[in-house]
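Descriptive structure summary
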Number of protein chains: 2
Amino acid sequence: MASTTITVTGMSCGHCVSAVKEEVGALSGVQSVEVDLESGRVTVASDDPLPNERLTAAIDEAGYDVVG
Amino acid sequence: MASTTITVTGMSCGHCVSAVKEEVGALSGVQSVEVDLESGRVTVASDDPLPNERLTAAIDEAGYDVVG
């Protein structure tokens, strides 16, 4: 099991959290997605290490930006 | 056709706008729902005048509050 943590900007409410969780959770191999609205921190547990590009693309698809 | 305008607090993003539109739009007789995120103003067009209690109940159901 691998864990990846990124920081996302632009989430403002619980609906935003749900949108991010849904999009990232749909990536193959993802087991769980934790989102902290205050800090923007998104922690993803996956079977194998998750390529940064795939995670960033999913966040972008949900309508938000990744820091860094 | 009747038009009712109220002010809603707590909407922070486009997902919030969608949630309010969906809940209010589901009320019988409602033709259209316009929401301005910045001001919180919600304008509802309906066949007959919309009782304030029904509108407030729908906003509450969506998870937001009506001012006044």
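Residues numbered from 1 in each chain as written. Chains lettered and ligands numbered in written order. Predicted model: local features only at pLDDT ≥ 70, side-chain atom pairs only at ≥ 80, totals over all residues. Heavy atoms only, no water.

Following the UniProt record, the feature "domain: HMA" (unreviewed entry) maps to residues 2-67 of chain A here. Regarding residues 2-67 of chain A, the helix share stands at 35% and the strand share at 35%, and the terminal C-alpha atoms are separated by 20 Å. (UniProt positions renumbered as here; feature names shortened; annotations may be inferred. Helix = DSSP H or I, 4+ residues; strand = E, 2+ residues; numbered from the N terminus.)

Glancing now at the packing of helix α1 (residues 14-25) of chain A against helix α1 (residues 14-25) of chain B. Where α1(A) meets α1(B), the axes come as close as 8 Å, and the angle between the chain directions of the two elements is 105 degrees. When the axis of α1(A) is compared with that of α1(B), the two are roughly perpendicular. Residues His15(A), Cys16(A) and Ala19(A) of α1(A) pack against His15(B), Cys16(B) and Ala19(B) of α1(B). Partitioning the contact of α1(A) with α1(B) into residue classes produces 4 nonpolar, 2 polar and no charged. (Axes fitted to C-alpha atoms, helices over the stretch in contact; angles between N-to-C directions. Parallel < 35°, antiparallel > 145°, perpendicular 65-115°, else oblique. Contact = heavy atoms within 4.5 Å. Nonpolar A, V, L, I, M, F, W, Y, C, P; charged D, E, K, R; others polar.)

Right, let's talk about the environment of Ala62(A) for a bit. Structurally, the position occupied by Ala62(A) is in helix α2 (residues 52-62). Other than its neighbours up to four places away in sequence, Ala62(A) contacts Ala19(A), Val20(A) and Glu23(A).

Glancing now at the interface of chain B and chain A. At the junction of the two partners, chain B supplies 6 residues and chain A supplies 6 residues. Where chain B abuts chain A, roughly 400 Å² becomes buried across the two surfaces, and 62% of that area is made up of carbon and sulfur atoms. In terms of surface lost to chain A, no three residues of chain B exceed Ser12(B), Cys13(B) and His15(B), which account for 79% of the buried area on that side. Taken together, chain B and chain A are joined by 0 salt bridges. Applying the counting criterion to the chain B and chain A interface returns 3 residue pairs in polar contact (both at pLDDT 80 or more). Here the residues of the side of chain B that touches chain A sort into 4 nonpolar, 2 polar and no charged. (Buried area = accessible area lost by both parts, 1.4 Å probe. Salt bridge = Lys/Arg side-chain N within 4 Å of Asp/Glu carboxyl O. Polar contact = N/O pair within 3.5 Å; in protein donor to acceptor, adjacent residues only side chain to side chain.)

All names here are of chain B. Running from amino to carboxyl end, α1 crosses helix α2 (residues 52-62) at an angle of 140 degrees, the nearest separation of the two axes being 9 Å. As far as their axial angle goes, α2 and α1 are oblique. For the element pair α1 and α2, the recorded crossing hand is right-handed. Facing Ala-19, Val-20, Glu-23 and Val-24 of α1, the residues of α2 in contact are Leu-55, Ala-58, Ile-59, Glu-61 and Ala-62. The class makeup of the residues in the contact of α1 with α2 is 7 nonpolar, no polar and 2 charged. (Left-handed = near helix turned anticlockwise from the far one by under 90°.)

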